[in-house]
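Fold and geometry: a report
Chain by chain, the residues:
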Amino acid sequence: MTLLLIPTIAFLALTAGTFIPAYNLTSTPLTAAQPPAGFKLIERKSGPVSITLRVPDSGVFAGEAIDIEFRVTDTRKVDPVFGATGIPRVVSKAVITMPEMAGMPEHRPKIHTEGIPGDYGIECFFPHGGEYKIALTLQIPGIATPVRTDFLVDIRDEAAPGTRKAVVRPYTLDVKAKGSPKAGDATDLQFTIKETKSKATVKDLDIAHTKLFHLLLVSKDLSWFAHEHPEQQPDGTFTHSQIFPAGGQYYTFADVAPRGAGSQILMGSVKIAGNVPAAVPLVPSGTTNTADGIKANLKGTSNIPIGKSLPVTFQLTDTRTGDAITDLEPYLGAYGHLMIIHADGQTVVHSHPAEDELGIAQSKRGIVAFNARFPKAGTYKAWGQFQLGGKVVTIPFVISVGGAK
Ligand SMILES: [Cu+2]
């Protein structure tokens, strides 16, 4: 993990009289000098204030609700036994983002106080593994200027079932098909995003890549794929009409961001009546494929390391002239989208190209580099989507990851 060192923010307006009261052993509750064992401590200092994040040695896993604790202390008030004095009544805000996922909605988790003065807990849920940035803003009693600091935390991929405590996902997706859905007919689908605990319909969503709801519909063998954007109804549910090509079970993946909770991929499925064709075997493809007059040359997909971000590059050329495609248009706020689904239909990766100057300049020369991350071994199907001439072109590949494992 690369560690970004955040410059210490200048500490202003420190008036000794209005800072926390002088340390007094008789009136101060027990203060933890040492954090509980089993944590990696990441400390940031800002003037006399020290902020220490405690990351469990056992790791933080995607798909779990977890409190990440931090301790705020006054380094000028050090007790020989209890260490630096914890600062109570700090009003904190946290914003969690993924530096590699430009345009991903922010997660703004709740923060609570723990039983010990100076100890706080961030109520986190990470939908998938990767490197996350936790940006803290602390309003400290007696200090006028808020203290801002960042921590980078590596979140591990979801643990194998049974190895960690049972996972309660904060949100679920209900999928209903109106009437008796048949292949070849327009099927009216209704999607309801629910809060798992309260079962309440989640109506308030953050926009991600210009839409409230990105829907991926995929046949069970991953041979058929559609990327749609259901419309929100006054009751908060979303609807979409779809013609399915054949009978069988289809996966429905909702890429949504309940307000302040960050991007989530919620899974569901729908059954369509009609002839079920034989499953198309998922065989790793070569590194070139064409669609609608566009040839894509795929780079970066040999020897993919598991659980590490890596660039997966599409080099796009005109099939007739062989010239680079130079007229890509932004599609849903980016020069391309890459959806990746594991053969088991349980792991979905949605990635976007780097949106910095270099990324944009490259995209305009037909070279679109996505940041992708494959959480486990197996075969994946990947669909690159690009827009030109107002039309979306979808180019699929089948990628094998960590063959021997
Ligand atoms: Cu979308």
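In this text the structure is predicted, and so the values were computed from the model without any measurement. Counting from 1, residues in each chain are numbered in the order their sequence is written. Restriction of local features to residues with pLDDT of at least 70 applies here, the model being predicted, together with a cutoff of 80 or more for giving and counting side-chain atom pairs; totals for whole chains, interfaces and linings are based on all residues.

Digging into the sheet that holds strand 24 (residues 378–388)
For clarity, the threshold we go by: The rule for pairing is simple: two strands pair if DSSP sees at least two bridges between them. Under the DSSP-based scheme used, a helix requires at least four consecutive residues in state H or I and a strand at least two consecutive residues in state E, with every element numbered from the N terminus. For every element, the axis is a line fit to its C-alpha atoms; helices are fit only across the contacting stretch, and the angle between N-to-C directions ranges from 0 to 180 degrees.
As summarised here, the arrangement of the four strands in space is 22-21-24-25, forming an open sheet in which the pairing is antiparallel. Looking at which strands have only one partner, the edges of the open sheet turn out to be strand 22 (348–351) and strand 25 (391–401). Strand-to-strand twist across the sheet, computed as the mean angle between neighbouring axes with direction ignored, equals 15°. Inspection of the sheet shows strand 21 (residues 337–342) paired to strand 22 by four bridges, in the antiparallel sense. Bridged to Leu 338 within strand 22 is Ser 351.

Re the sheet that holds strand 18 (residues 288–291)
Ordered in space as 18-19-20-23, the four strands form an open sheet in which the pairing is antiparallel. A strand with exactly one partner marks an edge of an open sheet, and here the two such strands are strand 18 and strand 23 (367–373). The sheet shows a mean angle of 25° between the axes of neighbouring strands, taken without regard to direction. Examined bridge by bridge, strand 20 (residues 309–318) and strand 23 share seven bridges and lie antiparallel to one another.

Some words on the nonpolar core
We count it as follows: Each nonpolar core consists of buried Ala, Val, Leu, Ile, Met, Phe, Trp, Tyr and Cys residues. Their C-beta atoms, within 7 Å, join them into a set. With C-beta atoms placed from the backbone, a residue counts as buried when 20 or more other C-beta atoms lie within 10 Å of its own, as exposed when 12 or fewer do, and as partly exposed for counts between those limits. Whether two residues are in contact depends on their C-beta atoms, placed from the backbone: they are in contact if these lie within 7 Å.
Ranked by size, the top nonpolar core spans 84 residues in total, and within it Val 72, Ile 193, Ala 254, Ile 340 and Val 368 carry the most contacts. Discounting chain neighbours no more than four positions away, the residues touching Ile 193 are Tyr 171, Leu 173, Thr 201, Val 202, Ala 254, Val 256, Pro 258 and Leu 266.

A short note on the confidence of the model for the protein chain
This is how it is decided: pLDDT is defined as a per-residue confidence score from the predictor, taking values between 0 and 100.
In this model, the protein chain carries a mean pLDDT of 86, and residues with pLDDT of at least 70 account for 89%. Note on residues 1–32: pLDDT under 50 across the span, and 44 contacts to partners over four residues away in sequence or across chains.

Topic: the pairing of strand 4 (residues 83–86)
Bridging between strand 3 (residues 65–79) and strand 4 involves four bridges; their strand directions are antiparallel. Following the sheet pairing, Asp 79 is matched in strand 4 by Gly 83. The antiparallel pairing of strand 3 with strand 4 creates a hairpin that spans three residues between the two strands.

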